[in-house]
Amino acid sequence: MCEEGYTEVVSPEGLLEQCAEIPVLEIPTAGDRNADVKTSRAVDPTAPTTEQPGRPGRTWYLQPFGPDGKLKTWVYGVAAGVFVLLVFIVSMIYLACKKPKKPQRRQNNNNRLKPLTLAYDGDADM
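Given the structure is predicted, the values throughout are model-derived calculations rather than measurements. (Residues numbered from 1 in each chain as written. Predicted model: local features only at pLDDT ≥ 70, side-chain atom pairs only at ≥ 80, totals over all residues. Heavy atoms only, no water.)

## Points about the overall build of the protein
Move 1: Within the protein, the regular secondary structure consists of 1 helix and 2 strands.
Move 2: Written out in order from the N terminus, the α and β elements of the protein read β-β-α.
Move 3: Looking at the protein as a whole, 5% of its 126 residues are labelled buried.
Move 4: Of the contacts formed within the protein by residues at least 6 apart in sequence, a portion of 4% connects residues at least 24 apart.
Move 5: Carbon and sulfur atoms provide 58% of the accessible area of the protein, an area that totals close to 13,100 Å². (Helix = DSSP H or I, 4+ residues; strand = E, 2+ residues; numbered from the N terminus. Buried < 20%, exposed > 50% of the residue type's maximum accessible area, 1.4 Å probe, protein only. Contact = heavy atoms within 4.5 Å. Areas by Shrake-Rupley, 256 points an atom, 1.4 Å probe, with all protein chains shown as cover.)

## As for the state of the cysteines
Move 1: Going through the model one piece at a time under the given rule, you end up with 1 disulfide.
Move 2: Across a sulfur-sulfur distance of 2.0 Å, Cys2 and Cys19 are joined as a disulfide pair. Looking down the S-S bond of the Cys2 and Cys19 bridge, the torsion is -85°, so its handedness is left-handed. Here Cys2, found in the segment before β1 (6-10), pairs with Cys19, found in strand β2 (residues 16-21); they are 17 residues apart in sequence, far enough to count as distant.
Move 3: By relative accessible area, which is 18% here, Cys2 ends up buried. (Disulfide = S-S within 2.5 Å.)

## Structural notes on the pairing of β2
Move 1: Looking at chain direction, β1 and β2 are connected through 5 bridges and run antiparallel. Bridge assignment links Thr7 to a residue of β2, and that residue is Ala20.
Move 2: Hairpin connection from β1 to β2: 5 residues lie between these consecutive antiparallel strands, with Gly14 at a positive phi of about 95°. (Pairing = 2+ DSSP bridges.)

## A short note on a nonpolar patch on the surface
Move 1: A cluster of nonpolar residues, Leu85, Phe88, Ile89, Met92, Ile93, Tyr94 and Leu95, forms a patch on the protein surface that exposes about 720 Å² of accessible area.
Move 2: As for its placement among the helices and strands, Leu95 is situated in helix α1 (residues 73-97). (Patch = residues over 30% accessible without salt bridge, like charges linked within 9 Å, V, L, I, M, F, W, Y side chains within 5 Å. Salt bridge = Lys/Arg side-chain N within 4 Å of Asp/Glu carboxyl O.)

Right under this line is the structure:
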């Protein structure tokens, strides 16, 4: 175990290699006009790295895989949402592009009710 103000540097086998001093950075106050903004953030040396071994370079901001290598739950939700959106878009394109149905014409016009015509005979009670 390292003393306060020091952090453990561990080998890949899990053995303690050395104790490294934690750099203490001065955080500027509001009254300090000539403070360097770059020194105001301290990096936690004991925080786990997001880089995977054997894969150097940039990493994604959103990590779709958990520490066990399986997909996280939110990835399944996003995939389901994208699928529903895709089905909606395809169905709207189909409905917009299909030929409209021609209205069916009735073959038998005699079945329709016709208005009753009354002859006006000049009577006053009409």
